[in-house]
Amino acid sequence: GDSAITVWQDMSDEILEQKKREDEEVLLKEEEMYANERKKNYKSAAVHALELNRPHKLRNILEKMIASKTAEEQINEFVSELEKEQIKKLWEIVRDWNTR
């Protein structure tokens with residue numbers, strides 16, 4: 001009969017390395033988010049919170065932004081620099097805040 005030989009390649013190391021890179025990337029973004037928040041660079045901190053899908057942290061940052069003296073300017077800058085998908089994600093997060 002017909003027989004086929006299947007050659008398997010172990011990708012475990014590559015998969016682990018990719019996961020490690022992704023984890024390091026997330027850690028760097030989190031560090032940037034917290035550093036920006038400490039520096040009161042709320043716009044950048046909020047973008048990172050949105051990218052990292054940290055709704056509670058995003059809300060805290062936006063509350064600080066709203067309490068600042070330049071709230072309207074900062075919020076306008078934050079929203080105007082978001083891409084279409086980020087705006088959609090932001091609205092979904094805000095919707096969830098309002099339904100809890």
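Refer to the structure above for everything that follows.
Quick caveat: nothing in here was measured; it's all calculated off a predicted structure. (Residues numbered from 1 in each chain as written. Predicted model: local features only at pLDDT ≥ 70, side-chain atom pairs only at ≥ 80, totals over all residues. Heavy atoms only, no water.)

Asker: Hey, could you run me through the side chain of Glu37 in this one?
Answerer: Its location among the elements puts Glu37 in helix α1 (residues 12-38). Judged by relative accessible area, which is 8%, Glu37 ranks as buried. Those residues within four positions of Glu37 in sequence are excluded, and the remaining contacts are Tyr42, Ala45, Lys57, Ile61 and Lys64. (Helix = DSSP H or I, 4+ residues; strand = E, 2+ residues; numbered from the N terminus. Buried < 20%, exposed > 50% of the residue type's maximum accessible area, 1.4 Å probe, protein only. Contact = heavy atoms within 4.5 Å.)

Asker: It is not clear to me how the pattern of salt bridges should be interpreted in this structure. Could you clarify?
Answerer: It is possible for side chains of opposite charge to pair when their charged atoms get near one another. Scanning the model with the defined rule gives 10 salt bridges in all. The partner of Glu81 in a salt bridge is Lys43, and the shortest N-O contact between them spans 3.1 Å. Placement of Glu81 in the loop between α4 (71-80) and α5 (84-98) and of Lys43 in helix α2 (residues 42-51) is noted, with a sequence separation of 38 residues between them. One network of salt bridges, with partners in common, ties together Glu37, Lys57 and Lys64. (Salt bridge = Lys/Arg side-chain N within 4 Å of Asp/Glu carboxyl O.)

Asker: Is there a simple way to think about the nonpolar core in this case?
Answerer: Looking at soluble globular proteins, one finds that nonpolar side chains tend to be buried together. Ala46, Leu58, Ile61, Leu62 and Phe78 are the most contacted members of the largest nonpolar core, which totals 16 residues. Of all the secondary-structure elements, those providing two or more residues to this core are α2, α3 (55-67) and α5. Among the elements that take part in this core, α2 stands out by supplying five residues, more than any other. Every residue in contact with Ala46, bar those within four places of it in the chain, is listed here: Leu58, Ile61, Leu62, Met65 and Phe78. (Core = buried A, V, L, I, M, F, W, Y, C linked by side-chain atoms within 4.5 Å.)

Asker: Which parts of the structure should I look at to understand α3?
Answerer: With 13 residues, α3 extends 18 Å between its outermost C-alpha atoms, agreeing within 8% with the 18 Å of an ideal straight helix rising 1.5 Å per residue. Within the span of α3, buried status applies to Lys57, Leu58, Ile61, Leu62 and Met65. Buried residues in α3, looked at end-on, bunch into an arc of 135°, giving them a common side. Facing away from the buried side of α3 by more than 90 degrees, the exposed set consists of His56, Ile66 and Ala67. Tucked inside the fold, the buried residues of α3 contact α1, α2, α4 and α5. (Expected span 1.5 Å × (residues − 1). Arc of directions from axis to C-beta.)

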